[in-house]
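# Examination of the molecular architecture
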Amino acid sequence: MASLTLLLLHLLLLASAASAWATYPYYRYYGGSVTFTPKGTKSHGTYEVELRNKQATYFCYQNSYTCYYGNCGSQTQSTSAGIAKNSYGLNWCQNEVVTKRKLNSNRPFAIRYPTYYNTQYGQGYWIANTRSSRAGWSMMAHVDLGTRSDTGESNRSPVTTMLPILRVPQNCPRKFNMTVFDPDGDQISPTTTTAPTTTTAAPTTTTYHQSSIAPLSKLPLQFSVFVDAHHAPSCLDGDYFPTFLSPTPSNGVNLPAFVNQTLQIKVRSSAQYSTIHDLIISGPKGISKHRISTEQYIIKWTPTENELNDHFPICFVSEARDIHNRVYQSELRCVIADVAHYETTVTCNETTITVEVEKSDLIRRNEDNLHLNDFTNPACNLTRHSNSTHLVAVVSLNTCGTRVEEDNDNIIFKNEITSADPTQIISRQHDVEIAFSCAYPKRTNLTLGYKHKNPYAFSERGFGAFTFQFEFFQSQRFRNQIDAGTYPVEVYLKQMIFMQIEATTSIPNTELFVESCRATPYDNPNSRISYTIIENGCVKDKTVQVYPSSKSQFRFGMEAFEFIGAHDEVYITCSVILCEAGMPDTRCSMGCIRSNSGTNRGKREAVAQTSRHSISQGPLHLAKTSDSQASGLSLNLGMNLVLIAGCLLVCGVVVYRSRRSKAKYQLLPTSDTD
């Protein structure tokens, strides 16, 4: 069966002038979306589908829909709830309506919004804009629940969402990242179109993907972009526009969520010359935000049994104001919450550990790759005791890679069920990871702590006393280092980590050289498990970025990763040298030495360079999005779709879907080859 879905993006200009707003805007429309989820086949041969419709209007009005073509069945259930409302100086309200319909077949049908038009109060019309104060609005969803040839299941739609209104000052072009996730694993390519307009700033129709395959489904996504009248004194993120800081998750990542457990997403942002005023969010009904400090919010959402095995986009922007009450919004960030139902039962006895895990959609998709720590022993095969509904493992206390640890209280036996590739050291993609353990009590208690490492001080002939300081920073601007009292540093997978090594000495005309850096899961640079970041002065990790700095500093960043296995922390250790600047034949002047170049590393000049010194910092701690012991994340697909250049837009979308290719990273320039 053809697996192509169309997502159509429609752009509409609006203006910030008061004359652009209608006299009676109560029911006028700002944007919305429709997605669908098949809910199975009933015993009497009927089908059930759930439609999620988000709409944003001036006054919390919800436009109804009609059946446009096909057999749309009958509505069996409908609930609605408010999602979010208002940003500074703008009135709007976003609702989500969740509707279930019973169908006699899985043949395609279409629903259309709205069913009613009223020019006086605005039902069925866009909010007034530079194109027209009487622009009619429509939103169409074409639904196809046909059985897929690759999975044997009903076709599911991509999921995406967007804030009803995004804001930009008229002098600062902004790029918005729209994240779209496809539960069936198909690749999504959008088509963007623009309605006619009389203004010269109007975008033109752009087709990103053409295909000879007819679309399987068509889904709308519509939103507005408001161009504020003021000019920003600076368009640089972090000055007036808020910039996100750790532990805010990166755009496009998938986060595990569990039925009846509250998902918590920490969001932190700051700006140099403006004050954080609000966090604007959009997500599934029941989502909420809670301000815990001037710069930090927590987004909370508790999935129900109805959301099991579904995927829900959550988008947010940080909004700040300066002393003149001018508004500045951060970049748009979106994440996908994957709802699973990990009901794990662990039974411990004198010789074995028995683990039973209900098979979620995520587990089923990764079932062929699941294994225990020891994946080579046939006796540890997970299919032996498992059945159609539960994953079952019976593990001996001394086989299948079970690790033995002890503290002052307990002897602890640990293992895990994972889909991670056992031949790799690290991973930047979330995997199914179900950790389990049995503890046998001893006595007394145990306390653990993490301590930030202070500057390393050395003294050598010719250089006198000097120090090296290794610090983590909040952004690539390297203005604010992470506070020592907050260690361990909490990060999410693929989040950029920003690091600076700085040398301090009373000797003038010196330069710092970082010869190597490696990561370990323990505070031990000689750990048998390690990952090379920099070697012989050459960048080895493809995500590393080196930033401009002074001769006494080395600034770099890289994407966060985790060591495969039951390791929660990452420490970074670097070998550093201080040299007299401009001197030939020093290690600093040689730079990157390729492993196959045969370059002589040279003997140390007594007064030209110091010895090699090892410094470290950490730990980086992988942030958990749930209290559950089990976590698993699937791949995500994010797309940068729209570059806004000084105009207020209203957008509507339609998505193309084909088989998803493997995720790729952008190759970064290095001085060496792998």
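In what follows, the structure referred to is the one given above.
Now for a description of the structure that goes with this document. Since this is a predicted model, take the numbers as computed values, not measurements.

### Focus on the sheet that holds strand β35 (residues 531-535)
The strand order β32-β41-β40-β34-β35-β36 describes an open sheet built from 6 strands, whose pairing is mixed. Only two strands of the sheet have a single neighbouring strand rather than two, namely β32 (489-491) and β36 (538-539).

### Brief notes about the pattern of salt bridges
Counted by the stated rule, this structure contains 17 salt bridges. Between Asp228 and Arg167 there is a salt bridge, and its shortest N-O distance comes to 2.8 Å. You can see Asp228 sitting in strand β13 (residues 217-228) and its partner Arg167 sitting in strand β9 (residues 165-169), a full 61 residues away along the chain. For the residue pair Asp228 and Arg167, the accessibility class agrees, reading buried in each case. The salt bridge partner of Asp237 is Arg174, with a shortest N-O separation of 2.9 Å. Residue Asp237 is found in the loop between β13 and β14 (243-245), and its partner Arg174 is found in strand β10 (residues 174-179); the two are separated by 63 residues along the sequence. Connected through salt bridges with shared partners, the residues Glu50, Arg52, Glu96 and Glu307 form a single ionic network.

### Points about the state of the cysteines
Counting across every chain of the model gives 9 disulfides. Here Cys60 engages in a disulfide with Cys93; their sulfurs sit 2.0 Å apart. Looking along the S-S bond of the Cys60-Cys93 disulfide, the torsion reads about 95°, which is the right-handed sense. Highlighted residues: Cys60 in the loop between β3 (47-57) and β4 (66-69) and Cys93 in strand β6 (residues 90-103), separated in sequence by 33 residues. Residue classification places Cys93 among the buried residues on the basis of a relative accessible area of 6%. The disulfide partner of Cys517 is Cys574, and the gap between their sulfur atoms is 2.0 Å. Judged by the sign of its S-S torsion, about 110°, the bond between Cys517 and Cys574 is right-handed.

### Details of the side chain of His613
Assignment of secondary structure puts His613 in strand β41 (residues 613-622). Judged by its relative accessible area of 11%, His613 falls in the buried class. Here the side chain of His613 touches Glu460 through a polar contact of 2.7 Å, side chain to side chain.

### Observations regarding the packing of aromatic side chains
Per the counting criterion, the structure on display carries 23 aromatic pairs. Measuring from ring centre to ring centre gives 6.4 Å for Phe472 and Tyr487, while their planes differ by 45°; the resulting arrangement is tilted. Residue Phe472 is found in strand β31 (residues 464-473), and its partner Tyr487 is found in the loop between β31 and β32; the two are separated by 15 residues along the sequence. The buried category is assigned to Phe472, whose relative accessible area is 1%. For Tyr487, a relative accessible area of 7% puts it in the buried group. Both rings, one in Phe478 and one in Phe498, keep their centres 6.3 Å apart while their planes meet at 85°; by these two values the pair is edge-to-face. A residue pair is termed long-range when its members are at least 10 positions apart, and Phe478 in the loop between β31 and β32 and Phe498 in strand β33 (residues 496-505) qualify at 20 residues. For the residue pair Phe478 and Phe498, the accessibility class agrees, reading buried in each case. Of the aromatic side chains, those joined through ring pairs into one cluster are Tyr240, Phe241, Tyr273 and Tyr328. Stacked on the ring of Phe241, the Lys or Arg Arg174 has its end atom at 4.1 Å from the ring centre.

Parameters at a glance
- Residues numbered from 1 in each chain as written.
- Predicted model: local features only at pLDDT ≥ 70, side-chain atom pairs only at ≥ 80, totals over all residues.
- Heavy atoms only, no water.
- Pairing = 2+ DSSP bridges.
- Helix = DSSP H or I, 4+ residues; strand = E, 2+ residues; numbered from the N terminus.
- Salt bridge = Lys/Arg side-chain N within 4 Å of Asp/Glu carboxyl O.
- Buried < 20%, exposed > 50% of the residue type's maximum accessible area, 1.4 Å probe, protein only.
- Disulfide = S-S within 2.5 Å.
- Polar contact = N/O pair within 3.5 Å; in protein donor to acceptor, adjacent residues only side chain to side chain.
- Phe/Tyr/Trp six-rings, centres within 6.5 Å; stacked < 30°, edge-to-face > 60°.
- Lys NZ or Arg CZ within 6 Å of the ring centre and 35° of its normal.

Purely spatial values, then, with no claim about function.
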